Amino acid sequence: MDFEKLLDEIMNTDKHIRYATVCDMEGKEVQTRIRDGVTPLLNEDETKETLHYAASAWKSRNKFAPKIGKGKYVLAVYENLRRLTLPLGTDHMLLVTWGIDGGQVDIIERIQNILSGDYTRNW
Amino acid sequence: MSVITTDYKLLYEKVMSLDPKIRFATIFDMSGEVMFSGHRDGVENLLTPEESQKSMQLAINAWKSRNEVSGKIGKGKYALVEYEKLKRITMPLDSDHILYITTDVEADHAPIIYKALRLKQDLLHSPSGMP
C-alpha cells in the first residue's frame, strides 16, 4: 500500500496542512508526515490516544451504515486547529490537521478528489 | 455559563428554523439526559430510538475525548460528520450541554454551522439564557 505517496500528495494540496497520518483501525500509526517547521501541538502519548479514539469512533459509526450510509469524513474544528478524519477502506484511517487560517472546504474536497481518483489505491 | 435554565423547546425551534434541510435537532447533557429533541414534520426517522441513543452516546464520548486535549489545541467549536445519506453537526453549548443537528445530505452545512454558532453566542450572552 503506497501510503507514503498518498501522504506526500495530501501534504502538497495545501500549505496550511500541518500533519497527516495513516493508522490502522486500532489507532496504530502506519505512516506520518509533519510539515517542515511545524511543531506538533500534541505529544506522542496524546497523539496515540487521539488516533486510538478516532479509529474506535469510526468503527462505531460504521455500525449505522446500513441505515444512514457509510461515513465519509469527520471534521472537528477547535479554536487553534482543524482536524479531518476519514476511513481508507475498511482497515485504515487518514487523519489530517491544519491551522485555522486555511480553507477547509478546499482541503476536504481536494483530499476527497485524491482518494476518489487515486491511481495508487489498493486498500 | 450554564444554559441549565434555558427554554430548550424554544432553542430547538430556533435551531429548526435555521434551515429547512435540518431534519432533527436535540439538546442533551454530557450524561446523556435529553433536554429537548424533535424531528421536522414529515421527515422519516432513519434510526430506531435505540440507534439514536447510541449515536448520541457516540457524540458525547467524542466530545469528552476532544475536551481532553483542549489545553493544547483549544476548545472544540463544532464537529461535522458527513455520511452518504445525511450530515450531522454537533457543538458544545457550554461545558455540559451539546447541540446535535442532523441535516439532509445535500444541505449547505457551512451557513447552518455559522448560524448555529451565532445562536449559541446569543444564548451565552443573554441574561435570561435565551436569545
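First, a word on scope: everything that follows refers to the structure included in this document. (Residues numbered from 1 in each chain as written. Chains lettered and ligands numbered in written order. Predicted model: local features only at pLDDT ≥ 70, side-chain atom pairs only at ≥ 80, totals over all residues.)

In this model helix 2 (residues 49-68) of chain B runs 29 Å from its N-terminal to its C-terminal C-alpha over 20 residues, within 8% of the 28 Å that 1.5 Å per residue would give. Among the residues of helix 2 of chain B, Ser55(B), Ala59(B), Ala62(B) and Arg66(B) are the ones counted as buried. Along the axis of helix 2 of chain B, the buried residues cluster in a sector spanning 65°; they form a single face. In helix 2 of chain B, those exposed residues whose orientation departs by more than 90 degrees from the buried face are Pro49(B), Glu50(B) and Lys64(B). Turning to helix 2 of chain B, the residues buried within the fold contact helix 2 (44-62) and strand 3 (71-78) of chain A together with strand 3 (76-83), strand 4 (86-92) and strand 5 (97-104) of chain B. (Helix = DSSP H or I, 4+ residues; strand = E, 2+ residues; numbered from the N terminus. Expected span 1.5 Å × (residues − 1). Buried ≥ 20, exposed ≤ 12 C-beta atoms within 10 Å, placed from the backbone. Arc of directions from axis to C-beta. Contact = placed C-beta atoms within 7 Å.)

Core analysis: the largest hydrophobic core is formed by 60 residues, its most contacted members being Val96(A), Ala79(B), Ile89(B), Leu99(B), Ile101(B) and Ala116(B). Excluding anything up to four places from it in sequence, Ile101(B) contacts Val15(B), Ile22(B), Ala25(B), Ile89(B) and Ala116(B). (Core = buried A, V, L, I, M, F, W, Y, C linked by C-beta atoms within 7 Å.)

Pairing within the open sheet is antiparallel, and its 10 strands lie in the order 2(A)-1(A)-5(A)-4(A)-3(A)-3(B)-4(B)-5(B)-1(B)-2(B). Lying at the two open borders of the sheet, with one neighbouring strand each, are strand 2 (29-34) of chain A together with strand 2 (34-39) of chain B. In this sheet, neighbouring strand axes are inclined to one another by 15° on average, regardless of whether the strands run parallel or antiparallel. The pairing of strand 3 of chain A with strand 4 (residues 82-88) of chain A spans 4 bridges and is antiparallel. Bridge assignment links Val77(A) to a residue of strand 4 of chain A, and that residue is Arg82(A). Across the sheet, helix 2 of chain B is in contact with strand 3 of chain A together with strand 1 (22-29), strand 3, strand 4 and strand 5 of chain B; its angle to strand 5 of chain B comes to roughly 125°. (Pairing = 2+ DSSP bridges. Axes fitted to C-alpha atoms, helices over the stretch in contact; angles between N-to-C directions.)

On the chain B side, the residues contacting the 23 residues of chain A number 24 residues. Of all the secondary structure elements, the ones that give two or more residues to the side of chain A that touches chain B are helix 2, helix 3 (65-68) and strand 3 of chain A. The element best represented in the side of chain A that touches chain B is strand 3 of chain A, accounting for 8 residues. Tallied by class, residues from the side of chain A that touches chain B come to 13 nonpolar, 5 polar and 5 charged. Here strand 3 of chain A pairs with strand 3 of chain B via 7 bridges, running antiparallel. Counterpart to Leu75(A) in the pairing with strand 3 of chain B is Leu80(B). (Nonpolar A, V, L, I, M, F, W, Y, C, P; charged D, E, K, R; others polar.)

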